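Notes for the structure review
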Amino acid sequence: AQSVTQLGSHVSVSEGALVLLRCNYSSSVPPYLFWYVQYPNQGLQLLLKYTTGATLVKGINGFEAEFKKSETSFHLTKPSAHMSDAAEYFCAVSLMDTGRRALTFGSGTRLQVQP
Amino acid sequence: NAGVTQTPKFQVLKTGQSMTLQCAQDMNHNSMYWYRQDPGMGLRLIYYSASEGTTDKGEVPNGYNVSRLNKREFSLRLESAAPSQTSVYFCASSDRDRRNYGYTFGSGTRLTVV
């Protein structure tokens, strides 16, 4: 079975500072990895995904993530935080090459951006 | 707009009442899912349907039933609601195409059981 661990339920950064949200996964087969963002009282919006190919993935709103198989990690970064980035972020994994393709989510990281 | 539509958006139930949450997608996706979201726990899978005519339990199926009515629709039923089922429920769908592999989520149903 797969699992996802997001380190830090709350992260606070200053506007303009680097954003780093950590995600580690466990999986017995090559995973597909996702980051979603959720703004208050809204649904989930896909930021980026890794399926195959290039391990550095660029997403929307200036975010990117790097798949590191040796570290079983898929950390999300953004060079310069903006006030509008304040939201909750979820890392998720699915196992494409098995019959079960449902996403397994981490518990989420709430990002606060200080002016 | 193409996507996943959930109804209702909000619902308040009394303990013991029943209700059905509706979900429909118009993207011709094969797989559909129901999740619940609770604070500090992320989203947890309740049931999923890999294709029309099949359903399987997820991580937290107790107290729920599902029906994959056709390829478009996947409903979630609470037969006898309990306060522990107070949550936000999300429906999602996905395609098998590896090149465009991804999940589309509905906007959610906020359910309160009193």
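Structure shown above.
Since this is a predicted model, take the numbers as computed values, not measurements.

**Observations regarding the overall build of chain B**
- Per the secondary structure count, chain B includes zero helices and eleven strands.
- Taken from the N to the C terminus, the helices and strands of chain B come in the order β-β-β-β-β-β-β-β-β-β-β.
- Computed over C-alpha atoms, the radius of gyration of chain B comes to 14 Å, within 12% of the 13 Å expected from 2.2 N^0.38 for 114 residues, which places it in the range of a compact globule.
- In terms of its C-alpha atoms, chain B occupies a principal-axis envelope of roughly 45 × 30 × 25 Å.
- Expressed as a percentage of the 114 residues in chain B, the buried residues total 49%.
- Look at the contacts in chain B between residues 6 or more apart in sequence, and 55% of them connect residues 24 or more apart.
- When the accessible surface of chain B is totalled, it reaches about 5400 Å², and 46% of it is carbon and sulfur.
- Taking the 13 positively charged and 9 negatively charged side chains of chain B as two groups, their mean positions are separated by 4 Å.

**Here we look at unusual backbone geometry**
- A cis amide bond links T7(B) to the next residue, P8(B), at an omega of -5°.
- Along the polypeptide, P8(B) turns up in the loop between β1 (4-7) and β2 (10-13).
- Non-glycine residue N41(A) carries a positive phi angle of around 60°.
- Relative to the assigned elements, N41(A) resides in the loop between β4 (32-38) and β5 (44-50).
- Residue classification places N41(A) among the exposed residues on the basis of a relative accessible area of 69%.
- Backbone geometry places N28(B), a non-glycine residue, at a positive phi of 60°.
- One can find N28(B) in the loop between β3 (19-25) and β4 (31-37).

**Focus: the pairing of strand β11 (residues 109-113) of chain B**
Residues and elements named next belong to chain B.
- A one-sided burial pattern is seen for β11, the buried positions being T109, L111 and V113 and the unburied ones R110 and T112.
- Here strand β9 (residues 87-94) runs beside β11; their pairing, made up of three bridges, is antiparallel. Across the sheet, the residue bridging to V88 is R110, located in β11.

**Thoughts on the packing of aromatic side chains**
- Throughout the structure, instances matching the rule amount to 14 aromatic pairs over all chains.
- Ring geometry for F90(A) and F105(A): centres 6.3 Å apart, planes at 90°, overall edge-to-face. Of this pair, F90(A) sits in strand β9 (residues 87-94) while F105(A) is found in strand β10 (residues 104-105), placing the two residues 15 residues apart along the sequence. Summarising the burial analysis for this pair, F90(A) and F105(A) share the class buried.
- Residues F105(A) and F105(B) carry aromatic rings whose centres are separated by 6.0 Å and whose planes lie at 70° to one another, so their mutual orientation is edge-to-face. In this pair, F105(A) sits in strand β10 while F105(B) sits in strand β10 (residues 103-105), so the two residues belong to two different chains. Both residues of the pair, F105(A) and F105(B), count as buried.

Basis of the calculations
- Residues numbered from 1 in each chain as written.
- Chains lettered and ligands numbered in written order.
- Predicted model: local features only at pLDDT ≥ 70, side-chain atom pairs only at ≥ 80, totals over all residues.
- Heavy atoms only, no water.
- Helix = DSSP H or I, 4+ residues; strand = E, 2+ residues; numbered from the N terminus.
- Rg over C-alpha atoms; globule rule 2.2 N^0.38 Å.
- Buried < 20%, exposed > 50% of the residue type's maximum accessible area, 1.4 Å probe, protein only.
- Contact = heavy atoms within 4.5 Å.
- Areas by Shrake-Rupley, 256 points an atom, 1.4 Å probe, with all protein chains shown as cover.
- Lys, Arg positive; Asp, Glu negative; His and termini not counted.
- Charge placed at Lys NZ, Arg CZ, Asp CG, Glu CD.
- Pairing = 2+ DSSP bridges.
- Phe/Tyr/Trp six-rings, centres within 6.5 Å; stacked < 30°, edge-to-face > 60°.

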